[in-house]
Amino acid sequence: MLSPLDYFVIGSYLALVSAVGLWFGRGQKNTNDYFLGGRQIPFWAAGLSIIATETSALTFIGAPVQSLRGDWTYLQLALGSVLARFAVAGILIGAYYRANVVTVYGFLEQRFGPWSRNLASFLFFVGRSLGSGVRLYGAAIALVVVADLDFPLAIALIAVVAVLYTIGGGIRAVIWTDIVQGVLLVGGALVALWYLFSEGGFEFVEAYEKLREAKSSAGESKLRVLNFSLDPRESYTLWAGIIGSMFLTMATHGTDQDMIQRALTCKSEKDGRRSLWLSAVLALPVVTIFLAIGSMLWIHFGGDEGAASAAAGLAERAGESNPEKGFDYLFPFYVVDTLPAGIRGLIVAAIFAAAMSSLDSAITALAATGVTSLWKPYLAPGRNEAYYLKVSRWMSIFFGLLLSAVAFFVWLSQGSGGEREGFGVLMLGLKVLTWIFPPLLGVFLVGVLTKRGRDLGNVVALLGGISGLLFVEFWSSFFSSAPPFAWTWNSLLGCAFAFAVAAAFPADPRRPPLEH
């Protein structure tokens, strides 16, 4: 368990994050300051914040499970994600800056009309609440293991800390605390990886050979990276990774306010692009670190049988009925069971960092969308900026409570996956994003790349695309067979369907296309 030194390290980290958040949150006068930082954020800070946000507790806890239970084919999804950032920078960022919007859904109103903005905003509320609720659940896993807390209490602790500094500092506090938390997160992971190597007395070549010769449950090398299978029901293939993950990341980084808001805080369109380019450069090394941790954990626990036995014991200890869920606890358990005092505290602080760097941004993005798409135009139009700033902070509290409720529900219902679709909480967190954001991407691309489309067509496209993806997700409830394709293909198919339907409608003559 944690020692007094560990608690001192964790407390020092929380004090530092709070101080940074309050310092950079000074002088806010309006919602532009609260949600966009006055568009004065340097591109490198925005880019580091993107990486810190997407490297959530799901990555910290879930990515090692992919290589521990399977192999390195998850890396193929990271390759597609890198390509997507260049696509978003080249296609979408310029349109958002020219529209001069607080949220990207304001672009849809300018281009098509209020129905497009309102439905897109509602879908964002649903998609981001699901995605961030799963992230919060993933972070709570760590606290359950390392501090012996109940899940509801762990969820509440993380949410309260994130909400407090977010309502005080807005997006500026979020971005600058994300940088601190990102450094701690990656640094903590590197420290854990170093201990995993040093405890076994391994040379790198020796560990590499041991893993290369070992076989996953699929009968392939534990270090396999590329899977050339053409089976559409396999999630981690080269084609699903490059194509499916590219469209998913374009959707999350281009239409999800949680991610794209960082690029909109920069001083210019050029700097907004640079922030995405920087995140593209850093994405692959970060994923590689966590996959390496998973491989070394496989060695540490004595292979498949040892890891499965440890996972079952941890699941029982946490009161889980499904022993498969215990795999998500293995990395936090290793931290508290093996690492020395002080270092344990550093890694636990890194897990806190992973949780809060994702939660704070989601709260800010949800509040921004709620104020600009609901409160200002419909509930309280024409009020002064001081009033809307106050509402923004109350919105942040509300969405913090909402995400906590979603995390609690995920705790009650979460599944664990398998070899073909991916493992554990990370797979679940990625999958829920594919239900909502790819159809949104299709509509945004119609608005940016064509002169067609109108409000009614976008409503049909979005509802039809999401309904189709959910039908496939629950395919097994209707038929006695598995879905015809893996969840990693949802993004391409959902985007393509929505684009085709939306583009089939001619432009509204009363609303000419925006300048490209």
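Residues numbered from 1 in each chain as written. Predicted model: local features only at pLDDT ≥ 70, side-chain atom pairs only at ≥ 80, totals over all residues. Heavy atoms only, no water.

**Some details on the overall build of the protein**
Argument step 1. A count of helical and extended segments in the protein gives 22 helices and 2 strands.
Argument step 2. Its C-alpha atoms give the protein a radius of gyration of 22 Å, near enough to 24 Å, the size a compact globule of 516 residues would have.
Argument step 3. Along the first, second and third principal axes, the C-alpha set of the protein runs to 70 × 50 × 40 Å.
Argument step 4. Here the analysis covers contacts within the protein between residues at least 6 apart in sequence; of these, 83% occur between residues at least 24 apart.
Argument step 5. Per element, the accessible surface of the protein, about 18,900 Å² overall, is 67% carbon and sulfur. (Helix = DSSP H or I, 4+ residues; strand = E, 2+ residues; numbered from the N terminus. Rg over C-alpha atoms; globule rule 2.2 N^0.38 Å. Contact = heavy atoms within 4.5 Å. Areas by Shrake-Rupley, 256 points an atom, 1.4 Å probe, with all protein chains shown as cover.)

**Details of the packing of helix 5 (residues 75-91) against helix 11 (residues 238-255)**
Argument step 1. Between helix 5 and helix 11, whose axes approach to 7 Å, the crossing angle comes to 45°. Taken together, the axis directions place helix 5 and helix 11 in an arrangement best described as oblique. Pair helix 5 / helix 11 crosses with right-handed handedness. Counting all contacts with helix 5, which are made through Gln76, Leu77, Leu79, Gly80, Ser81, Leu83, Ala84, Arg85, Ala87 and Val88, the residues of helix 11 involved are Leu238, Gly241, Ile242, Ser245, Met246, Thr249, Met250, His253 and Gly254.
Argument step 2. Classifying every residue of the contact of helix 5 with helix 11 by side-chain character gives 10 nonpolar, 8 polar and 1 charged. (Axes fitted to C-alpha atoms, helices over the stretch in contact; angles between N-to-C directions. Parallel < 35°, antiparallel > 145°, perpendicular 65-115°, else oblique. Left-handed = near helix turned anticlockwise from the far one by under 90°. Nonpolar A, V, L, I, M, F, W, Y, C, P; charged D, E, K, R; others polar.)

**Comments concerning the nonpolar core**
As a rule of thumb, nonpolar side chains are buried together in soluble globular proteins.
Argument step 1. If you look at the biggest cluster of nonpolar residues, it comprises 159 residues, and the most contacted ones within it are Phe60, Ile158, Ile293 and Leu330.
Argument step 2. Among the elements that line this core, the one with the most residues is helix 9 (residues 151-199), at 20 residues.
Argument step 3. For Ile293, the residues in contact, after removing those within four places along its chain, are Pro64, Ala189, Leu193, Leu196 and Phe331.
Argument step 4. Counting residues in each nonpolar core, the second largest holds 5 residues, with Val472, Phe485, Ala486 and Trp489 among its members. (Core = buried A, V, L, I, M, F, W, Y, C linked by side-chain atoms within 4.5 Å. Buried < 20%, exposed > 50% of the residue type's maximum accessible area, 1.4 Å probe, protein only.)

**Focus: helix 14 (residues 303-317)**
Argument step 1. Given a rise of 1.5 Å per residue, 15 residues ought to cover 21 Å, and the 21 Å separating the end C-alpha atoms of helix 14 matches this to within 8%.
Argument step 2. For helix 14, the set of buried residues is Gly303, Ala307, Ala310, Ala311, Leu314 and Ala315. Seen along its axis, helix 14 keeps its buried residues to an arc of 135°; they face one direction. Set apart from the buried face of helix 14 by more than 90 degrees, the exposed residues are Glu305, Ser309 and Glu316.
Argument step 3. Looking one or two residues past helix 14, Gly319 carries a phi angle of roughly 80°, positive in sign. (Expected span 1.5 Å × (residues − 1). Arc of directions from axis to C-beta.)

**A short note on the confidence of the model for the protein**
Argument step 1. The predicted model of the protein averages 83 in pLDDT, with 91% of residues at 70 or higher.
Argument step 2. When the criterion is pLDDT under 50, residues 415-426 qualifies, and its contacts beyond four places in sequence or with other chains add up to 49 contacts. (pLDDT = per-residue confidence, 0-100.)

**Re the side chain of Thr103**
Argument step 1. Position of Thr103 relative to the elements: it lies in the loop between helix 6 (93-99) and helix 7 (105-111).
Argument step 2. Relative accessible area serves as the criterion here: at 3%, Thr103 is assigned to the buried category.
Argument step 3. When residues no more than four places from it in sequence are discounted, the contact partners of Thr103 are Gln257, Ala368, Thr369 and Thr372.

**Some points on the environment of Val102**
Argument step 1. You can see Val102 is positioned in the loop between helix 6 and helix 7.
Argument step 2. Val102 gets classed as partly exposed once you look at its relative accessible area, which sits at 25%.

**What about helix 15 (residues 330-338)?**
Argument step 1. Counting buried positions along helix 15 gives 7 out of 9 residues, so the element sits mostly inside the fold.
Argument step 2. Along helix 15, the positions that sit buried rather than exposed are Leu330, Phe331, Pro332, Phe333, Tyr334, Val335 and Val336.

**Brief notes about the pattern of salt bridges**
Argument step 1. For the structure on display, the rule yields 13 salt bridges.
Argument step 2. Asp256 serves as the salt-bridge partner of Arg128, at 2.4 Å between the closest nitrogen and oxygen. Remark: Asp256 occurs in the loop between helix 11 and helix 12 (257-263) and Arg128 occurs in helix 8 (residues 114-147); sequence separation between them is 128 residues. This pair shows no difference in class: Arg128 is buried, exactly as Asp256 is.
Argument step 3. Ionic pairing is found between Arg274 and Asp271, a salt bridge with its closest N-O pair at 3.3 Å. With Arg274 and Asp271 both in helix 13 (residues 269-300) and 3 residues apart, this pair spans about one turn of that helix.
Argument step 4. The class of Arg274 is partly exposed, set by a relative accessible area of 28%.
Argument step 5. Through salt bridges with shared partners, a single network forms among Arg98, Glu269 and Arg273. (Salt bridge = Lys/Arg side-chain N within 4 Å of Asp/Glu carboxyl O.)

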